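Each chain, written out:
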Amino acid sequence: MRKVITEAESVLGVKYRVLDHGHVGLVDYMGGDEAIDNFARVSYGEGTRKTSERAGLIRYLVRKRHSSPLESTELAFNIACPIHVARQIVRHRTASMNEYSARYSIVPEVIYDDYSCQAQSDNNKQGRSSDLIDRGLESCYKSDIREIQDESFKVYRDMVKSGVAREIARMHLPLNTYTYFFWKMDLGNLFKFLSLRLDLHAQYEVRQFAHAIGCLTRLVAPIAFDAFVDYELDSVRMTSLDMRLLELLSQKGYNCIGAEIGDQLKEFIQTEGKAFGMGKREIAEFLEKISCETLDRDFSLNSLKVINE
Ligand SMILES: Cc1cc2nc3c(=O)[nH]c(=O)nc-3n(C[C@H](O)[C@H](O)[C@H](O)COP(=O)(O)OP(=O)(O)OC[C@H]3O[C@@H](n4cnc5c(N)ncnc54)[C@H](O)[C@@H]3O)c2cc1C
């Protein structure tokens, strides 16, 4: 009989707010922790060793990256996000996706506007820093952008009204316009998506969607999800060069794990890391890993806001 997960059933069809006008909702699911357990246990025939209890087995699978039992579980979401965020989500090739068609239908005038103009980051070439640009300048840019958006939609409406094909009329609409789609993925690949899109190097906006997807996923497979957080999301992968550098530091009497790294020690790490053949970025990543900093993440449903329609 099909396994029903009460926690997941209770949120089916509920939309949770993400950014100013976006949402994520769980549309359907298949599987869960029990299915992962059953799929994995098929290998354990008569005469094999006794399998561990469910949590132990699932945590082992996730820790050792045995991903096929995780593929027993599927989740389908409905998502509303700005087009520039969808363009990142769509890069995850194992998803099945169907998007609202602006060739058939009229594009709703819903635009992502609730952002601030932060400066370009110095250390992350793709990202923003926490510094805001001058407030006056920001308000000028935002009012210019709103004007362009209003004008774009006005031209769009006029084009549609005068009979221009919708597929042509939509071409100039801004990337900040919201789009809508169904998106389905298996749990193993969903974890890969989450680990890339919850990472601090991912864009702030896509991280908000990944967070909501994570919270809903946790309802379907809580044991697997918590194992994913422990063994993947909040864990670090030490390379052989990292290990050699760590060993050297320990031999020199430095206890660097979770410790404050002063300028002198940092210089030592940079010189020795370079001698081991590590690049500048790799050494910076090493420093990040040994800092043991973890984010305070909350994947409970309480961290999401229901949309009251
Ligand atoms: C911070 C960040 C910055 C990025 N910057 C850029 C950028 O500047 N430009 C850009 O173009 N993209 C960029 N990307 C997108 C990135 O390059 C990937 O395309 C995206 O993250 C999808 O991840 P993936 O390819 O690892 O796996 P997915 O497509 O999510 O697939 C999941 C897994 O399925 C398997 N799989 C899927 N397809 C195949 C296949 N054909 N063959 C074999 N195995 C397969 C693999 O095991 C893979 O790990 C960025 C992503 C992030 C997170």
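Relevant structure appears above.
Residues numbered from 1 in each chain as written. Predicted model: local features only at pLDDT ≥ 70, side-chain atom pairs only at ≥ 80, totals over all residues. Heavy atoms only, no water.

J.: Outline the overall build of the chain, supporting the account with residue identities and numerical values.
T.: Secondary structure assignment for the chain yields 12 helices and eight strands. If you line up the chain on its principal axes, its C-alpha atoms span 75 × 60 × 30 Å. Counting all 309 residues of the chain, 39% fall into the buried class. Counting only contacts in the chain whose residues sit at least 6 apart along the sequence, the fraction spanning at least 24 positions is 74%. Accessible surface, the chain: about 18,400 Å² in total, of which carbon and sulfur atoms supply 49%. Where the 41 positive side-chain charges of the chain centre and where its 45 negative ones centre are 4 Å apart. (Helix = DSSP H or I, 4+ residues; strand = E, 2+ residues; numbered from the N terminus. Buried < 20%, exposed > 50% of the residue type's maximum accessible area, 1.4 Å probe, protein only. Contact = heavy atoms within 4.5 Å. Areas by Shrake-Rupley, 256 points an atom, 1.4 Å probe, with all protein chains shown as cover. Lys, Arg positive; Asp, Glu negative; His and termini not counted. Charge placed at Lys NZ, Arg CZ, Asp CG, Glu CD.)

J.: Give me the layout of surface pockets: which residues, what numbers.
T.: The computed volume of the second largest pocket comes to approximately 310 Å³. In this structure, the second largest pocket is lined by 18 residues; those nearest its centre are I83, E99, A102, R170 and T179. For the lining of the second largest pocket, the secondary-structure elements that each account for two or more residues are α4 (83–89), β4 (96–99) and β7 (178–186). (1 Å grid on protein atoms, 1.4 Å probe; cavity = no way out; pocket = protein on both sides within 12 Å on 5 of 7 lines; lining within 4 Å. Points joined across faces, edges and corners; volume = space filled by probe spheres on them.)

J.: Describe the nonpolar core, with residues and values.
T.: If you look at the biggest cluster of nonpolar residues, it comprises 56 residues, and the most contacted ones within it are F77, W183 and L194. No other element matches the nine residues that helix α8 (residues 204–220) contributes to this core. Contacts of L194, omitting those with residues within four sequence positions, involve D199, A210, I213, G214, F225, F228 and L233. Listed in part, the 13 residues of the second largest apolar core include L248, L265, F268 and I269. (Core = buried A, V, L, I, M, F, W, Y, C linked by side-chain atoms within 4.5 Å.)

J.: For the environment of L246, give the residues involved together with the corresponding values.
T.: One can find L246 in helix α10 (residues 240–251). Along the chain, L246 and S235 lie 11 residues apart, while their C-alpha atoms are 17 Å from each other. Excluding residues that lie within four positions of it along the chain, L246 makes contacts with M238, I257, F286 and I290.

J.: Outline the pairing of strand β2 (residues 22–30), listing residues and values.
T.: Sheet analysis places strand β1 (residues 15–18) next to β2, joined by four bridges and oriented antiparallel. Note that in β2 the partner of R17 across the bridge is H23. Taking the residues that link successive antiparallel strands as the turn, the β1-β2 hairpin has three residues, and the phi of L19 there is positive, at about 55°. Taken together, the seven bridges between β2 and strand β3 (residues 74–82) define a ladder with antiparallel strand orientation. Paired with M30 across the bridge in β3 is E74. (Pairing = 2+ DSSP bridges.)

By themselves these figures say nothing about function.
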